[in-house]
Amino acid sequence: EKEGYDHFMLKEIHEQPKGIYETLNRRLDDNGMIKLDGISLTKEELDRFNKVYIVACGTAYHAGLVGKFVIEKLAKIPVEIDVASEFRYRDPFVDDKTLFIAISQSGETLDTLAALREAKNKGARILSIVNVVGSSVARESDDVFYTWAGPEIAVASTKAYTTQLVCLYLIALYMGYTKGVVEDATYHKYIEELKAVPDKLREVLAQEEQIRNIAKELYKREQVFFIGRGLDSGVSYEGSLKLKEISYINSFAIAAGELKHGTIALIEQDTLVIALATQDRLFEKMLSNIQEVKARGAYVIGLAKENNREIEKQSNRVIYIPECMDEITPLLSVVPLQILAYDIAKLRGCDIDKPKNLAKSVTVE
Ligand code: M6R
């Protein structure tokens, strides 16, 4: 059932344009308006919530980092985010004015489920983003926003992440529009941008060969740093997790502006740095961060939108993604990082679909 691919992970990477299309289209009517189909989020309810709490583990948590950014930006409501294993033991401030969003591909992650129960006991409304229909998280939530990724078999999560992002964009847009804080033009601009993602993603996937060549240069490394600002910092964490879990390379992600507060001490001649610079708004700032590591001898792989060629001057290699609005870049920028992790793990002879010490769903504490 790998349909000609060597591994489920690669097959699932390639299924992302379809997963994104399905997740989006099942929630949009012909006029581009979001259909909630039974999910209860009326204007009165939305006005009553004074906080959103996003809780998840691993890759789903990384999707949540993007969710926090877009919900705060579009729905103008504070969003807290935590990993489930911390949230559940912390006596978090949650009450009946909290909208609690649990994110889980499997819907069976024990810590996420326990966090959800904790939030429910405190009176929060539970909305979950889940891939597996009828799973425990889905059953115990007030409402479920399903991802339409199809079954994800590889331990390393790929299409679950991008489809979770689509759900979060739709939730953020719906909340903002319903509350009256997102204008028509902005709403439709986002919808158009989201609709264009599957085709743009096919363009990214078409660069596989070029990414493989970069992997050939890098696969013997034992240490990698991922850096980025804004949404790119969230995607850096995901790129770093992907690489470490399947290739066993010691990989570390950090918000680029934090480098100089300690981590830059580790950058020396030939240290590998993967620098995400997809945010137009933060591009110049990122170029200075790249310069900082370059000045200490780092070997830099840059990732930018295709019009931001200036990055070539500061980087040893560059991977481009198609032009799009800053807010939706994670849907595109994560994919070269997934491919890079896959190719590096393959060149290292790792068991990609079943990495050591890991299970597809973590149902133990
Ligand atoms: O099924 P879930 O989305 O709840 O799983 C959460 C994490 O265990 C999962 O994303 C894990 O981090 C993956 N191995 C990442 O690739």
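This report concerns the structure included in the present document. All chains use their own residue numbering, which begins from 1 and follows the written sequence. For this predicted model, a pLDDT threshold of at least 70 governs which residues receive local features, and a threshold of 80 or more governs which side-chain atom pairs are given and counted, while totals over whole chains, interfaces and linings are taken from all residues. In computing side-chain values, all of the structure's heavy atoms are included and hydrogens and water are not.

Here the focus is the overall build of the protein chain. Counting from the N terminus, the helices are the DSSP runs of H or I reaching at least four residues and the strands are the DSSP runs of E reaching at least two. When helices and strands are tallied, the protein chain shows 15 helices and 10 strands. Note on method: radius of gyration uses C-alpha positions; expected globular size equals 2.2 Å times residues raised to 0.38. For 365 residues, the compact-globule formula gives about 21 Å, and the C-alpha radius of gyration of the protein chain, at 20 Å, lands near that figure. Dimensions of the protein chain, computed from C-alpha atoms along their principal axes, come out at roughly 55 × 45 × 40 Å. Scored against the burial criterion, the 365 residues of the protein chain give a buried share of 61%. Contacts: residue pairs with any heavy atoms within 4.5 Å of one another. Of the contacts made within the protein chain by residues no fewer than 6 positions apart, 74% connect residues no fewer than 24 positions apart. Positive charge is attributed to Lys and Arg, negative charge to Asp and Glu, and no charge count is given to His or to the chain ends. Taken as the charge location is NZ of Lys, CZ of Arg, CG of Asp or CD of Glu. With 47 positive and 55 negative side-chain charges, the protein chain shows a separation of 2 Å between the mean positions of the two kinds. Note on classification: 1.4 Å probe, protein chains only; a residue is buried when its accessible area is under 20% of the maximum for its type, exposed when over 50%, partly exposed between these limits.

All right, on to the packing of helix H12 (residues 231-247) against helix H15 (residues 330-347) then. Packing of H12 against H15 leaves a shortest axis separation of 9 Å and a crossing angle of 20°. Between H12 and H15, the crossing angle belongs to the class labelled roughly parallel. Judged by the twist between their axes, the crossing of H12 over H15 is right-handed. Between H12, through Leu 231, Val 235, Glu 238, Gly 239, Lys 242, Leu 243, Ile 246 and Ser 247, and H15, the contact on the second element is made entirely by Pro 330, Ser 333, Val 334, Leu 337, Gln 338, Ala 341, Tyr 342, Ile 344 and Ala 345. Where helices are involved, their axes are fitted lines through C-alpha atoms of the stretch in contact, as for all axes, and angles between N-to-C directions lie from 0 to 180°. Here the angle decides the label: under 35 degrees means roughly parallel, over 145 means roughly antiparallel, 65 to 115 means roughly perpendicular, and every other value means oblique. Take the far helix as your reference; a near helix turned counterclockwise from it by less than a right angle gives a left-handed crossing, and one turned clockwise gives a right-handed crossing.

For this purpose, a residue is taken to be near a molecule or strand whenever a single non-hydrogen atom of the residue falls within 4 Å of it. Near the ligand there are 14 residues, and of these Ser 104, Gln 105, Ser 106, Thr 109 and Glu 245 occur at the shortest range. Two N or O atoms count as a polar contact when they lie within 3.5 Å, although within protein this holds only if one can serve as hydrogen donor and the other as acceptor, and sequence-adjacent residues are included solely when both atoms are side-chain atoms. Between the ligand and the protein, one listed contact pairs an oxygen atom with a side-chain N or O atom of Lys 242 at 2.9 Å. Between Glu 245 and the ligand, the recorded distance is 2.4 Å, taken from a side-chain N or O atom to an oxygen atom. Secondary structure elements with two or more residues in the shell around the ligand: helix H4 (58-75) and H12. Residue composition of the shell around the ligand, by class: five nonpolar, seven polar and two charged. Under the scheme applied, nonpolar residues are Ala, Val, Leu, Ile, Met, Phe, Trp, Tyr, Cys and Pro; charged residues are Asp, Glu, Lys and Arg; polar residues are all the others, including Gly.

Let us look at H15. With 18 residues, H15 ought to run about 26 Å at 1.5 Å a step, and its terminal C-alpha atoms sit 26 Å apart, in line with that. Burial runs high along H15: 16 of the 18 residues are buried. Where H15 terminates, the next one or two residues include Gly 349, which has phi positive at roughly 75°. In a helix, the anticipated span is given by 1.5 Å times the number of residues less one.

With respect to the helices and strands, Val 94 occurs in the loop between helix H5 (84-87) and strand S3 (98-104). Linking Val 94 and Val 273, residues 179 residues apart in sequence, is a C-alpha distance of 39 Å. Discounting chain neighbours no more than four positions away, the residues touching Val 94 are Lys 51, Tyr 53, Phe 87, Ala 119, Lys 122 and Ala 124.

Let's shift gears to helix H6 (residues 110-121). A rise of 1.5 Å per residue sets the reference length of H6, with its 12 residues, at 16 Å; its end C-alpha atoms lie 17 Å apart and thus fit the reference within 8%. Those residues of H6 lying buried are Asp 111, Thr 112, Leu 113, Ala 114, Ala 115, Leu 116 and Ala 119. Those residues of H6 hidden inside the fold are in contact with strand S1 (51-56), H5, S3, strand S4 (125-130) and helix H7 (136-140). Immediately downstream of H6, the backbone of Gly 123 shows phi near 95°, a positive value.

Moving on, we get to the pairing of S3. In terms of burial, S3 is largely enclosed, as seven of its seven residues are buried. In short, DSSP must find at least two bridges between two strands for them to pair. Strand direction decides the pairing type here: S1 and S3, joined by five bridges, are parallel. The partner of Lys 51 across the bridge, within S3, is Thr 98. Examined bridge by bridge, S3 and S4 share six bridges and lie parallel to one another.

Before going further, it helps to spend a moment on the sheet that holds S4. Pairing is parallel in the open sheet, where five strands are placed in the order S2-S1-S3-S4-S5. The open sheet has two edge strands with one neighbour each: strand S2 (79-83) and strand S5 (143-146). For this sheet the average axis-to-axis angle between neighbouring strands, irrespective of direction, equals 20°.

Here a salt bridge means any side-chain nitrogen of Lys or Arg lying within 4 Å of a carboxyl oxygen belonging to Asp or Glu. Taken as a whole and judged by the stated rule, the model has 28 salt bridges. Among the salt bridges present, the one from Asp 47 reaches Lys 43, with a minimum N-O distance of 2.9 Å. Of this pair, Asp 47 and Lys 43 are both found in helix H3 (residues 43-48), four residues apart, which corresponds to roughly one turn of the helix. For Asp 47, a relative accessible area of 44% translates into the label partly exposed. A salt bridge links Glu 238 to Lys 242; the nearest nitrogen and oxygen atoms lie 2.7 Å apart. In this pair, Glu 238 and Lys 242 both sit in helix H12, four residues apart, roughly one turn of the helix.

As used in this record, nonpolar core signifies buried Ala, Val, Leu, Ile, Met, Phe, Trp, Tyr and Cys residues forming a set joined through side-chain atoms within 4.5 Å. Counting 91 residues, the largest nonpolar core has Ile 71 and Ile 101 as the members making the most contacts within it. Counting residues per element, this core draws most heavily on helix H8 (residues 159-179), at 12 residues. If sequence neighbours within four positions are ignored, Ile 71 has contacts with Val 52, Ile 54, Lys 76, Ile 77, Val 79, Ile 101, Leu 168, Ala 172 and Met 175. In terms of nonpolar packing, the next biggest core, distinct from the first, is built from 21 residues, Phe 225, Val 273, Ala 275 and Val 293 among them.

A few words on the side chain of Glu 193. Following the sequence through the fold, Glu 193 ends up in helix H9 (residues 184-195). Excluding its chain neighbours within four sequence positions, the residues that come into contact with Glu 193 are Lys 200, Cys 324, Met 325 and Ile 328.

What follows is about the sheet that holds strand S10 (residues 317-321). Here five strands make up an open sheet; going across it, the order is S7-S6-S8-S9-S10 and the pairing parallel. A single partner strand is all that each edge strand has here, and the edge strands are strand S7 (250-255) and S10. On average, adjacent strands in this sheet sit at an angle of 20° to one another, irrespective of strand direction. Bridge count between strand S6 (residues 223-228) and strand S8 (residues 272-277): four bridges; the pairing is parallel. Within S8, the residue paired with Phe 226 across the bridge is Ile 274. Here helix H11 (residues 208-218) sits on the sheet in contact with S8, strand S9 (299-305) and S10, set at roughly 150° to S10.

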